[in-house]
Amino acid sequence: MKQKFYLIILSIFACSSLFAQVISYEALKKEFNSFEYEKVIQISDSLLKSDKNLPDSLAIDIYLMRAVSYYSIAREDSAAKNFEEILNINPNYSPDPLIISPKLISLFDQVKLNYRPKQPVQSDSTSAKPTEALKEKAQSQNFARLKNLILPGWGHLSREFSAKGAVITSVSLLNLAGMIYFIYDTNQKEKSYLNETNKILIPSRYNDYNNAYKIRNALIISYAALWIYSQVDMLIFDKDEETFGKTVSYDVNTNTVFFGISLGF
């Protein structure tokens, strides 16, 4: 029973970030279908800032809704910028004429005609020293992992994994508080049981101690499992995109979520 409980907890942690994405996207789509274009822009801003590793198909759909929304409120320049973001993700993208108006397709074609792909930054292979940017990134990662060793989820918050970090940190604090309390409570009830001389009260004292003992152990084990999960998650998922591929893809047309992992060596 305990093993099933721990597996359920770990599954919830693993899926928390994905659920946050889907919920935010569904809210965005609802406002878009209701022609609430100002709200679409606000929600999409929040969604794009909170998660930098959105699946390509999901990101394209969000930028497309933003482009339509900006165009609908007479902000053609902003609509064009969102079309450029789509082309940054997929230079070969073409909008579906069944769902996009001819005017917007004309604007997209104009943006695509003038679009210049971003040139990748070439590293200096002759330089023995890493750049300052790489140094700062490495320091940031190491500091975040150190925080995560102290409190599960703290490192995720430092690395701006906001949804997952908030869930893990909150559960960690609750688990830790409960664990500390029941360690103290178990010690007190153990003393009370050992010092009890009334034979009538001894069984009751023992039951109180035994129950507190079991809860204490369960909290210690669950906190250890959470700590291990958090460290493994931090080490695996806090990687550059070139060494760790996207783990989730989302098909907008079928509303289907696909899971997959690709590692580079």
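Conventions and cut-offs
Residues numbered from 1 in each chain as written. Predicted model: local features only at pLDDT ≥ 70, side-chain atom pairs only at ≥ 80, totals over all residues. Heavy atoms only, no water. pLDDT = per-residue confidence, 0-100. Contact = heavy atoms within 4.5 Å. Axes fitted to C-alpha atoms, helices over the stretch in contact; angles between N-to-C directions. Helix = DSSP H or I, 4+ residues; strand = E, 2+ residues; numbered from the N terminus. Left-handed = near helix turned anticlockwise from the far one by under 90°. Nonpolar A, V, L, I, M, F, W, Y, C, P; charged D, E, K, R; others polar. Core = buried A, V, L, I, M, F, W, Y, C linked by side-chain atoms within 4.5 Å. Buried < 20%, exposed > 50% of the residue type's maximum accessible area, 1.4 Å probe, protein only. Polar contact = N/O pair within 3.5 Å; in protein donor to acceptor, adjacent residues only side chain to side chain. Salt bridge = Lys/Arg side-chain N within 4 Å of Asp/Glu carboxyl O.

A.B. asks: Whenever I open this one, the confidence of the model for the protein chain confuses me. Can you help?
C.D. replies: When pLDDT is averaged along the protein chain, the result is 77; 74% of the residues meet or exceed 70. In this model, residues 4–20 is a region of pLDDT below 50 whose contacts with residues beyond four sequence positions or in other chains number 18 contacts. Residue range residues 123–128 is modelled with pLDDT below 50. Its contacts to residues more than four positions away, or to other chains, number zero contacts.

A.B. asks: Explain the packing of helix H2 (residues 37–50) against helix H3 (residues 56–72) here, please?
C.D. replies: To characterise two packed helices, one gives the angle between the axes of the helices and the distance between these axes. Two numbers describe how H2 lies on H3: the axes approach to 9 Å, and their chain directions differ by 145 degrees. Relative to H3, the crossing made by H2 is left-handed. Along the contact surface, H2 presents Tyr37, Val40, Ile41, Ser44, Asp45, Leu47 and Leu48, while H3 presents Ile62, Tyr63, Met65, Arg66, Val68, Ser69, Tyr70 and Ser72. Per-class residue counts for the contact of H2 with H3 are 10 nonpolar, three polar and two charged.

A.B. asks: Explanation requested: the nonpolar core in the structure shown.
C.D. replies: Soluble globular proteins tend to pack their nonpolar side chains together in the buried interior. Within the largest apolar cluster, 31 residues are counted, with the highest numbers of intra-cluster contacts made by Ile62, Phe83, Ile86 and Leu107. Element by element, the count of residues in this core is highest for H3, at 10 residues. Apart from residues lying up to four places away in sequence, isoleucine 62 is in contact with Tyr25, Leu28, Ser44, Leu47, Leu48 and Leu54.

A.B. asks: I tried to follow the side chain of threonine 186 on my own but got confused; where do I start?
C.D. replies: Residue placement: threonine 186 occurs in helix H8 (residues 162–195). Its relative accessible area of 1% is what places threonine 186 among the buried residues. A polar side-chain atom of threonine 186 sits 2.5 Å from the main-chain carbonyl oxygen of phenylalanine 182. Apart from residues lying up to four places away in sequence, threonine 186 is in contact with Tyr209, Ala212, Tyr213 and Arg216.

A.B. asks: Sorry, what's going on with the pattern of salt bridges here?
C.D. replies: Once the charged atoms of two side chains with opposite charge are near each other, the side chains can pair. Inspection of the entire model under this criterion finds three salt bridges. The partner of lysine 189 in a salt bridge is aspartate 185, with the nearest N and O atoms 3.0 Å apart. Of this pair, lysine 189 and aspartate 185 both sit in helix H8, four residues apart, which is roughly one turn of that helix. Under the relative-accessibility criterion, lysine 189 is labelled partly exposed at 28%. Glutamate 196 serves as the salt-bridge partner of arginine 205, at 3.0 Å between the closest nitrogen and oxygen. Classification of arginine 205 by relative accessible area gives partly exposed; the value is 30%.

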